[in-house]
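# Notes for the structure review
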Amino acid sequence: MNELNIAKTLILKRKEKGVTQDELANYIGVSKSSVSKWETGQSYPDITFLPQLATYFNITIDELICYEPQMLKEDIKKLYLRLCKDFTLKEFDEVIDEIREITKKYYSCFPLILQMGILIVNHYDLVDEQKREPLINEALEFFIRIQEMSNDIEICRVAKSMEANCYILLNQPVQIIDLMKDSSFPMINEPILLAHGQMMNGQINEANKTLQIGAYQALLSLVQNLIGLLQSADYLQMKKIESRILTISNIFNLDILSPGMMFSAYLTQAQVSLAHGYEEVAIKSLQKYVDLATSDIYPITPHGDDFFNQIDSWFSEVNFGIGITRDETIIKAGLVSAIKSNPMFSVLSENSEYKFLIEKLSLLEE
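Residues numbered from 1 in each chain as written. Predicted model: local features only at pLDDT ≥ 70, side-chain atom pairs only at ≥ 80, totals over all residues. Heavy atoms only, no water.

## Quick look at the packing of aromatic side chains
Evaluated as defined, the whole model comprises 13 aromatic pairs. Measuring from centroid to centroid gives 4.4 Å for Tyr-27 and Tyr-56, while their planes differ by 35 degrees, and the two rings are tilted. Of this pair, Tyr-27 sits in helix H2 (residues 21–28) while Tyr-56 sits in helix H4 (residues 50–57); the two residues are 29 residues apart in sequence, bridging distant segments of the chain. Under the relative-accessibility criterion, Tyr-56 is labelled buried at 15%. Here Trp-38 and Phe-49 contribute two aromatic rings whose centre-to-centre distance is 6.1 Å and whose plane-to-plane angle is 50 degrees, an arrangement assigned as tilted. Taken together, the residues span a long stretch of sequence, with Trp-38 in helix H3 (residues 32–40) and Phe-49 in the loop between H3 and H4 at a distance of 11 residues. The positively charged end of Lys-17 is found above the aromatic ring belonging to Tyr-56, 4.9 Å away from the centroid. Over the face of the ring belonging to Tyr-107 we find Arg-145, whose NZ or CZ atom lies 3.8 Å from the ring centre. (Phe/Tyr/Trp six-rings, centres within 6.5 Å; stacked < 30°, edge-to-face > 60°. Helix = DSSP H or I, 4+ residues; strand = E, 2+ residues; numbered from the N terminus. Buried < 20%, exposed > 50% of the residue type's maximum accessible area, 1.4 Å probe, protein only. Lys NZ or Arg CZ within 6 Å of the ring centre and 35° of its normal.)

Structure below.
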C-alpha cells in the first residue's frame, strides 16, 4: 500500500536524467531551495507544477507522486485476515474506522472495497442492534458502486449477490425482488455451458473442474433452500425436509464439507420442532449441533474432499472473504450464543439433556 512519495521519484528521475537541482529549478521556474525541500520531503510542489514535472521526466502524474490506486490481491487478502483478527483484539469502532480510511484511500480498487464490504457484513452483528443498519447500508454502498463502476464481471456478480444479502439483512424484500429482475450481472453461474466450451477447446481438466464447482454450488444451494423451507413447514412437512437434508448430508458428508450450513440446518430443525411442541425432537437436533460444534472442524475454511477433489484451487482464486468469515474465537462464541442466548430454548432450561448439551457446548469458550 504505497503512500505519496514525490521526493523519492524526483531524486530518482533527476539522477536518471542527469540534471542538477539548479537545472530542474530553472525549468520549472522556482528556486533551487524549493527543489531541495521537495526532495527532502519538507514541502510538496504546488499542484500547478505537477504536469510540468511529469512532462519533464516523461512520466504520468500518478507515477510522479507514487500514487497507486490499486492494491494487489495478496495484499488485500492479508489485510482482510488481519482486520478479521482485529475484531477479536480491538474495539469494534476502531476496526471500522480503519476500514473506512482504507476504502477512502482505495475507493477505485474494486476488489478491495468488495472485501471490505464483505468484512463489514460478516461482523456487523458484533455491535448493538441500533448500530447495525447503518453498517449494512455502508457496505451496501460499496457493492452498488462496484456494479456501477467496475468492468470486472466476476467482481460485479459477487457484489450483486452481496447487495441481495444486504437487502435481506435490512428486511427489504421489494429491493431483493427488483434486483433479481436485473440481468446485467447474473448471480447464478452457468457451469454447464462453460464446461461444454472448455471441452470443445480440449480443456478437459478445466471442464471437469468447472462441473465440480457447479455441482458444489448447486449442492449448497439445494440444502440452503431446504433449510429455508423448514422455517415455514408444518410438522409433517418438516420431518420430510429434515429427512432429505440428513440424507444429502450423509451422502456428501456435509458436516465436514460445509459445517456452517449444517449448523444452520440443525438449529432450524430444533427451533421448528419446539414451535410445534416437540421438545425431544428438538433435543435430538441440538445434540447434532453440539456434537458438530465440539468436533475437530476448526479452523472452518472452505475446502474440497475426495469427491470434490478439484475445487481447492478455486477457493484460493475466488473472493476469499466469502469463505473466510470470522476469526475462530468469534465463530465459537457465536455457536455458543446461538443456543445459550436464544429465547426459543428457554422452555428447555430445566431439561436435564439440554443442560448437559449446554455444559458441553460451553467448553468452546474456554
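This is not the end of the story, as more comes after the structure.
## Remarks on the packing of helix H8 (residues 110–123) against helix H9 (residues 132–149)
Remark: H8 packs on H9, axes separated minimally by 9 Å, with the N-to-C direction vectors making an angle of 155 degrees. Put simply, H8 runs roughly antiparallel to H9. As H8 packs across H9, the resulting crossing turns out to be left-handed. Residues Phe-110, Ile-113, Leu-114, Met-116, Gly-117, Ile-118, Ile-120 and Val-121 of H8 form the contact with H9, whose participating residues are Leu-135, Ile-136, Ala-139, Phe-142, Phe-143, Arg-145, Ile-146 and Met-149. Within the contact of H8 with H9, the residues separate by chemical class into 14 nonpolar, 1 polar and 1 charged. (Axes fitted to C-alpha atoms, helices over the stretch in contact; angles between N-to-C directions. Parallel < 35°, antiparallel > 145°, perpendicular 65-115°, else oblique. Left-handed = near helix turned anticlockwise from the far one by under 90°. Contact = heavy atoms within 4.5 Å. Nonpolar A, V, L, I, M, F, W, Y, C, P; charged D, E, K, R; others polar.)

## Considerations on a nonpolar patch on the surface
Together, Ile-192, Met-199, Ile-204 and Leu-211 make up a nonpolar patch on the protein surface, roughly 370 Å² of accessible area in all. Every element with two or more residues in the nonpolar patch is listed here: helix H12 (191–200) and helix H13 (204–230). Mapped onto the elements, Leu-211 comes out in helix H13. (Patch = residues over 30% accessible without salt bridge, like charges linked within 9 Å, V, L, I, M, F, W, Y side chains within 5 Å. Areas by Shrake-Rupley, 256 points an atom, 1.4 Å probe, with all protein chains shown as cover. Salt bridge = Lys/Arg side-chain N within 4 Å of Asp/Glu carboxyl O.)

## Let's talk about helix H1 (residues 6–17)
Compared with an ideal rise of 1.5 Å per residue, which puts 12 residues at 16 Å, H1 spans 16 Å between its outermost C-alpha atoms and is within 8% of the ideal. Those residues of H1 not exposed but buried are Ile-6, Ala-7, Thr-9, Leu-10 and Arg-14. Burial along H1 is one-sided: seen end-on, the buried residues are contained in an arc of 160 degrees. With respect to the buried face of H1, the exposed residues turned more than 90 degrees away are Lys-8, Lys-15 and Glu-16. Backbone geometry just downstream of H1 places Gly-18 in the positive-phi region, at approximately 75 degrees. (Expected span 1.5 Å × (residues − 1). Arc of directions from axis to C-beta.)

Remember that the coordinates give geometry; whether it matters functionally is a separate question.
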